[in-house]
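Below are the chains, spelled out letter by letter.
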Amino acid sequence: MPDLTAGAMNALSPLVRRIVAPNPGPFTGPGTNTYLVGIDEVAVIDPGPDVKGHVDAIIGASMKERVRWVLLTHTHPDHAPATARLVKATGAEVVGFAKKDKDGSGIVPDRLVGDGDTIEGTEFGLDVLHTPGHAPNHLCFYLDEERALFTGDTVLDGTTSVVSPSRGGDMAKYLASLERLRKLRLAKILPGHGDVIEDPRARIDEYLAHRAEREAQIVAVLDDGPAKISGIVGRLYVDTPDALQEQAASMVQAHLIKLRTEGRVSGRDQKSTWKLA
Ligand SMILES: [Zn+2]
């Protein structure tokens, strides 16, 4: 059994360790995965929520002067708020995509990176891929030495990646990001939530198939007649618990916006009626 107990340090390979943050829930699975890459020089990927015990666990896993970088896949509240506390203790450089504090996270990276950049450690290199969709500033990091991809919330284990237009989510971009990741020759995916994914391409294909299926279902509902998003959710997400209904509505809206851009449906927002174009 994989150890996804919060606070436990898990060596996943000679270069990669994982500590799960104590924030389990319907959106976060067992909790946010914080990854430590490297031994002599450590890159911390996604420090997680600002919980002192979690930051102490991250620092306790290395000598603190060895923590050189904090890498952010994106700045949502389950991934990034511990950054300030971790930087205060270690002096690490914050590496991220957002040019400025657009999303209210309060985090401004010391080093801005984008597609094609590399974080060079003595023991490893982490290539940066810009993968918008879940969030506009979302990055994945590719560890060349292990052909491993840190996917943040773009690909997850056990939960669905939420594409919420009200939080900068974009379904067309998300699908394009998945298509791009699919072409990489990956040995494993290290997701932002859940366990290591050992069959990357099959998992990405599942994601793509699932989204294509949802899109077809939404079109089929509208083929029966105009509907509001709440009506579409009621038809398609019958077994979805109440806690996830809002997320379901966001996903439907994200699909509808994509379809509207393609000229296939018309409609305005969460409250309005949508119909086939
Ligand atoms: Zn997350």
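The rules behind the values
- Residues numbered from 1 in each chain as written.
- Predicted model: local features only at pLDDT ≥ 70, side-chain atom pairs only at ≥ 80, totals over all residues.
- Heavy atoms only, no water.
- Donors = N, O, S within 2.8 Å, 3.2 Å for Na, K, Ca; no water.
- Buried < 20%, exposed > 50% of the residue type's maximum accessible area, 1.4 Å probe, protein only.
- Pairing = 2+ DSSP bridges.
- Helix = DSSP H or I, 4+ residues; strand = E, 2+ residues; numbered from the N terminus.
- Contact = heavy atoms within 4.5 Å.
- Axes fitted to C-alpha atoms, helices over the stretch in contact; angles between N-to-C directions.
- Salt bridge = Lys/Arg side-chain N within 4 Å of Asp/Glu carboxyl O.

Chemist: Quick question: what am I supposed to make of the coordination of the zinc ion here?
Modeler: In the first shell of the zinc ion, the protein supplies Asp78 (OD), His79 (NE2), Asp153 (OD), Asp153 (OD) and His193 (NE2), at 2.0 to 2.7 Å from the metal. The sequence pattern formed by the donor residues of the zinc ion is D-H-x73-D-x39-H. Since its relative accessible area comes to 0%, His79 is described here as buried.

Chemist: Would you mind going over the sheet that holds strand β14 (residues 265–266) with me for this structure?
Modeler: Each strand in a sheet pairs with another by means of backbone hydrogen bonds, the pair being arranged parallel or else antiparallel. The strand order across the open sheet built from three strands is β13-β15-β14, with neighbouring strands paired in antiparallel fashion. A strand with exactly one partner marks an edge of an open sheet, and here the two such strands are β13 (227–228) and β14. In this sheet, strand β15 (residues 273–276) lies alongside β14 in antiparallel orientation, the contact comprising two bridges. Note on β15: the bridge partner recorded for Ser266 is Lys275. Packed on one face of the sheet, helix α4 (residues 200–224) meets β13, β14 and β15 and runs near 95 degrees to β15.

Chemist: Help me understand the pattern of salt bridges, please; the structure alone is not making it clear to me.
Modeler: A side chain with one charge may pair with a side chain of the opposite charge, provided their charged atoms come close. Under the counting rule described, the total for this entry stands at 16 salt bridges. Among the ionic pairs, Arg111 bridges to Glu93, the shortest N-O distance being 3.2 Å. Here Arg111 is found in strand β7 (residues 111–112), whereas its partner Glu93 is found in strand β6 (residues 93–96), with 18 residues between them in sequence. Of the residues examined, Arg111 reaches a relative accessible area of 26% and is grouped as partly exposed. Residue class for Glu93 comes out partly exposed when judged on its relative accessible area of 27%. Measuring nitrogen to oxygen at the nearest pair gives 2.8 Å for the salt bridge that ties Asp224 to Arg235. Residue Asp224 is located in helix α4, and its partner Arg235 is located in helix α5 (residues 229–236); the two are separated by eleven residues in the primary sequence.

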